[in-house]
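Residues per chain are reported as follows:
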Amino acid sequence: MKRLASVLVLLGVFWAQTSALDTFVLRQPGSNYVTGTMTIHNEEHVVDVHVRSGVYSSDTIFDYSHGYIATRLFSRNACFIMKIRKELIPELQEIGRLAFERQMMKDVYSPNNVWTQFQSGNSVLGRLKDWILYGKHIEQLCTGLPLYQLVATEPRENTDGCASAGIPSILGLQICEELIATES
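Residues numbered from 1 in each chain as written. Predicted model: local features only at pLDDT ≥ 70, side-chain atom pairs only at ≥ 80, totals over all residues. Heavy atoms only, no water.

For the rest of this paragraph, the subject is the state of the cysteines. Enumeration over the complete set of coordinates arrives at two disulfides. In this model, C79 is linked to C142 through a disulfide, with the two sulfur atoms separated by 2.0 Å. For the disulfide bridge between C79 and C142, the dihedral angle about the S-S bond is near -80°, and by the sign convention the bridge is left-handed. With a gap of 63 residues between them, C79 in strand β6 (residues 78-83) and C142 in helix α4 (residues 136-142) connect regions that are remote in the sequence. Assigned by exposure class, C79 and C142 land together as buried. Across the disulfide from C162 sits C176; the S-S distance is 2.1 Å. Residues C162 and C176 are joined by a disulfide whose S-S torsion is about 110°; by sign, that bridge is right-handed. (Disulfide = S-S within 2.5 Å. Helix = DSSP H or I, 4+ residues; strand = E, 2+ residues; numbered from the N terminus. Buried < 20%, exposed > 50% of the residue type's maximum accessible area, 1.4 Å probe, protein only.)

Below is the structure:
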C-alpha cells in the first residue's frame, strides 16, 4: 500500500511539473533591472514573452503546436511572423532550461541570435485562413496589425533599421528591413 501511495505522489509531482505554467523574470545582463517576463505554457506548447524596454518593447509568442513565432514590435505597430525552424529555434524544453539557468547564474550572458528580414511594402492584414494557420495565441497578439513574413538571413554589419525582440539574454530575434538595391 505504501508503494502505491509513493508512486501516486511521484506521478502527481511529475504531472504538476508538466501541466504548470513556468514564469521567469528576465533581467538585463549585469544588473537587477527587469526587462521582461517569460511564461511557458507546457500543455499548450506556447512561450509568451513580454519585454518592456522603451523603444525595444515587444510581445513575442512561440507557438510550437502551430510551428510559428510572432513578434509585436510596439515601436513599429506591426506583427512579424516566422515559421519555427529547428536548426534556428530551440525546442520548448530547451528554452525552459536556458531560462532556468539564466535565472540561477545572473552574470551569464550568451544569447543565441536569429537574424531575420522582411520587405517593408509587403504586409497583409490577418484573414481567417491566416489565423487558422497561425493559431489563436498569435491571432490575439496580432489582430488589427499589419503582418510581415520574416525569413532567416545572415547577420548584418550595419544594423540601422533593425529591431531587437525575442527573449532577452536567451534567444534574440534581430528583425531587419530588407535592403533593396537601387540602380543609380
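Here the narrative resumes.
Here D59 shows up in strand β4 (residues 58-63). Remark: the alpha-carbon pair of D59 and A165, spanning 106 residues in sequence, is separated by 8.0 Å. Those residues within four positions of D59 in sequence are excluded, and the remaining contacts are V49, H50, V51, R52, A70, T71, R72, F74 and L141. Within the structure, D59 has its side chain in polar contact with the side chain of H50 (distance 2.8 Å). Among the polar contacts listed, one links the side chain of D59 to the side chain of R52, at a separation of 3.0 Å. (Contact = heavy atoms within 4.5 Å. Polar contact = N/O pair within 3.5 Å; in protein donor to acceptor, adjacent residues only side chain to side chain.)

Ranked by internal contacts, the top residues of the largest apolar core, which has 31 residues, are M38, F62 and I89. Counting residues per element, this core draws most heavily on helix α2 (residues 92-104), at four residues. Ignoring any residue separated from it by four or fewer positions in sequence, one finds I89 in contact with F62, Y64, I69, M82, I84, V114 and L171. Judged by nonpolar contacts, the second largest core, of 13 residues, contains C79, I81, L141 and L147. (Core = buried A, V, L, I, M, F, W, Y, C linked by side-chain atoms within 4.5 Å.)

Don't take any of this as a statement about function, it's just geometry.
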